[in-house]
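Spelled out, the chains give:
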Amino acid sequence: MKKFILAAILAAFAFAGDYELVGSVNTSFRIFGKDDRIEVIAVKDPKIDGVTCYVSYAKKGGAKEIIGVEEDRSEASVSCVQTAPKIIIKEELKKEDIFEKRSSLIFKKTHVVRLYDAVQGSLIYLVYSDKVIDGSPNNSISAIPCRQAVGDVCELAYTQGKKQ
């Protein structure tokens, strides 16, 4: 039993350093524990400098949150912005999670996935929630074009799969 509790705690904090809590808004009062709320976090893409994604998601409060067995709703939203004069792409891009957080004790996670549209020259970020039993169609996307009115804002810091 101790090993299970330790594993659950480690899983809960596996991605704890990958985001910054920007703030939250209470949506429902709870007598015990924190209120239900919508949290907004800032997530930086680990392979791209100059991009920050802001993710909002519903967070269940109450007594279940205190002991870590709450199940958060599947709805989430993402908006990504350029946060530097140039976006530096450090590695060849492929579809991959840049962030995930647990949304229930063991069965559900919220993911932020980066996709790259090489034809249109755009970075695309998708947020969705998965659930082992039936998944979730709820999702949101955000796109950052590399070709903007001010010119190309993306710069490759690698050549043919090798870093410069």
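Just so we're clear, the structure is a prediction, and the values are computed from it rather than from any experiment.

About the cut-offs
Residues numbered from 1 in each chain as written. Predicted model: local features only at pLDDT ≥ 70, side-chain atom pairs only at ≥ 80, totals over all residues. Heavy atoms only, no water. Helix = DSSP H or I, 4+ residues; strand = E, 2+ residues; numbered from the N terminus. Contact = heavy atoms within 4.5 Å. Areas by Shrake-Rupley, 256 points an atom, 1.4 Å probe, with all protein chains shown as cover. Disulfide = S-S within 2.5 Å. Buried < 20%, exposed > 50% of the residue type's maximum accessible area, 1.4 Å probe, protein only. Patch = residues over 30% accessible without salt bridge, like charges linked within 9 Å, V, L, I, M, F, W, Y side chains within 5 Å. Salt bridge = Lys/Arg side-chain N within 4 Å of Asp/Glu carboxyl O.

**Observations regarding the overall build of the protein**
Check the secondary structure of the protein and you find 2 helices and 15 strands. In the protein, of all internal contacts separated by at least 6 residues, the share reaching a separation of at least 24 is 49%. Of the roughly 10,100 Å² of accessible surface on the protein, a fraction of 58% belongs to carbon and sulfur atoms.

**Some details on the state of the cysteines**
For the coordinates displayed, the defined rule picks out 2 disulfides. Each sulfur of the disulfide joining cysteine 53 and cysteine 80 lies 2.1 Å from the other. Disulfide cysteine 53-cysteine 80: the torsion about the S-S bond is 105°, which places it as right-handed. In this pair, cysteine 53 sits in strand E4 (residues 51–59) while cysteine 80 sits in strand E5 (residues 76–82), placing the two residues 27 residues apart along the sequence. Take cysteine 53 and cysteine 80: they sit in the same class, and that class is buried. One disulfide bridge connects cysteine 146 with cysteine 154, the sulfur atoms lying 2.1 Å from each other.

**Regarding a nonpolar patch on the surface**
Judged by side-chain polarity, Val22, Tyr54 and Val81 come together as a nonpolar surface patch covering roughly 230 Å² of accessible area. Within the secondary structure, tyrosine 54 is located in strand E4.

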